[in-house]
Amino acid sequence: MLKAAILGYGGIARSHRSGYELLARQQAPVKLVALCDIDPKQFEKEVTINQGNGQESDISQYHTYTSLDEMLEKEELDVIDICLPTYLHAEYAIKLLRLGYNVQCEKPMGLSSALCDEMLAAARESGKKLMIGMCLRFDHMYTVLKDAIDQNTYGKVTSAFFERLSSTPRWGYDGWFQDYDRSGGVALDMHIHDVDMVRYLFGEPKAVSALVSDARLKCSAIHSTFAYDDMIVTAIGDWGKAKGFPFTMGYSVNFEKATIVLNKGVVTVYPDDAEPFEAPLDPDGKGNHRMAAEIEYFARSILGEIENTRNQPADAANTVRLIETLKKSAENGGKWMEE
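Cut-off values and rules
Residues numbered from 1 in each chain as written. Predicted model: local features only at pLDDT ≥ 70, side-chain atom pairs only at ≥ 80, totals over all residues. Heavy atoms only, no water. Axes fitted to C-alpha atoms, helices over the stretch in contact; angles between N-to-C directions. Helix = DSSP H or I, 4+ residues; strand = E, 2+ residues; numbered from the N terminus. Parallel < 35°, antiparallel > 145°, perpendicular 65-115°, else oblique. Left-handed = near helix turned anticlockwise from the far one by under 90°. Contact = heavy atoms within 4.5 Å. Nonpolar A, V, L, I, M, F, W, Y, C, P; charged D, E, K, R; others polar. Buried < 20%, exposed > 50% of the residue type's maximum accessible area, 1.4 Å probe, protein only.

Peer 1: Teacher, can you tell me more about the packing of helix α1 (residues 11–25) against helix α9 (residues 290–302) here?
Peer 2: Each pair of packed helices can be described by the angle between their axes along with the distance between the axes. Axis separation between α1 and α9 bottoms out at 8 Å; the angle between their running directions is 70°. With respect to each other, α1 and α9 are oriented roughly perpendicular. Between α1 and α9 lies a crossing of right-handed hand. Along the contact surface, α1 presents I12, S15, H16, G19, Y20, L22 and L23, while α9 presents M291, A292, E294, I295 and E296. The residue makeup of the contact of α1 with α9, split by class, is seven nonpolar, three polar and two charged.

Shown next, in the form of structure tokens:
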């Protein structure tokens, strides 16, 4: 049984915690034992993020700390789950890897590909495992699409569209989301999910183009296009929506013989030769909790039960590198950039 602690108890940490709690009920080989945040009030309040309220459950079963050093001194831990703001990811991942801990770190991997490379080096040198929270790779709403592509169920993909929309993030320590230098804007914080999924599903594009809007704050919206030999993929990331706008994610992917659409949490398949049907999203009967699936996958890779072939840290670094290329395109008026 691996023992884990969450470092940074903000909005996304609630989703991680609920994932650990689901895994405990399923008797998975990893157990959350501690929470750490510099602000003790974080342990007492609910945090509303763009995906809705994370209703707080009783956390009395966990040891809580406001000092990382104290937690590391008092707890015997195998995994540190970093849920800190983006600008702290590289610093703390490198530190903890060098101290001998396995590290699971929220996305994006780092503010730059150079920092990502430093994290990769620290993992190699320490011999410890590192995995980045590219959680859509574990989400049934997206794995059903991956399976259709890999199994050639409906022929080749001919075009694809992805979107991820939200109001401006107003939570977060010291307003860091709205500070481009600390968050990287919507491109690095939210759009990165779809950029990573494009790479995961279709491989590396031949060239990319992007346009960015600074309407509400720097890089509050980005429209990206990915060119492949025989298709074009587009994706929109936008957190410049009005305050009451609900978080929205979706896709529409055209195959030679069907179209698959994600809309409001439902995946619908529209075959050319049959009636539309809703794709089942819980094939193993364990419940579709992408954080739980991600955490369990990492735990089993640490234990040597599986090899991490689905979500390698070098892949997360390459997604950050592609975001940098998209930003460079936007800085040059949407000029096509070859990879």
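Peer 1: Could you clarify how one ought to interpret the environment of G8 in this entry?
Peer 2: Relative to the elements of secondary structure, G8 occurs in the loop between β1 (2–7) and α1. Of the residues examined, G8 reaches a relative accessible area of 6% and is grouped as buried. Residues G8 and I38, spaced 30 residues apart in sequence, show a C-alpha to C-alpha distance of 7.7 Å. Discounting residues that sit within four places of it in the chain, G8 has contacts with A13, C36, D37, C83 and L84.

Peer 1: Help me understand the packing of helix α8 (residues 191–202) against helix α10 (residues 313–331), please; the structure alone is not making it clear to me.
Peer 2: As a packed pair, α8 and α10 sit with axes 10 Å apart at the nearest point and diverge in direction by 110°. Of the possible angle classes, the one that applies to α8 and α10 is roughly perpendicular. Two packed elements cross with a definite hand, and for α8 against α10 that hand is right-handed. Here H191, I192, V195, D196 and R199 of α8 lie close against α10, whose contacting residues are D315, N318, T319, V320, L322, I323 and L326. When its residues are assigned to classes, the contact of α8 with α10 shows six nonpolar, three polar and three charged.

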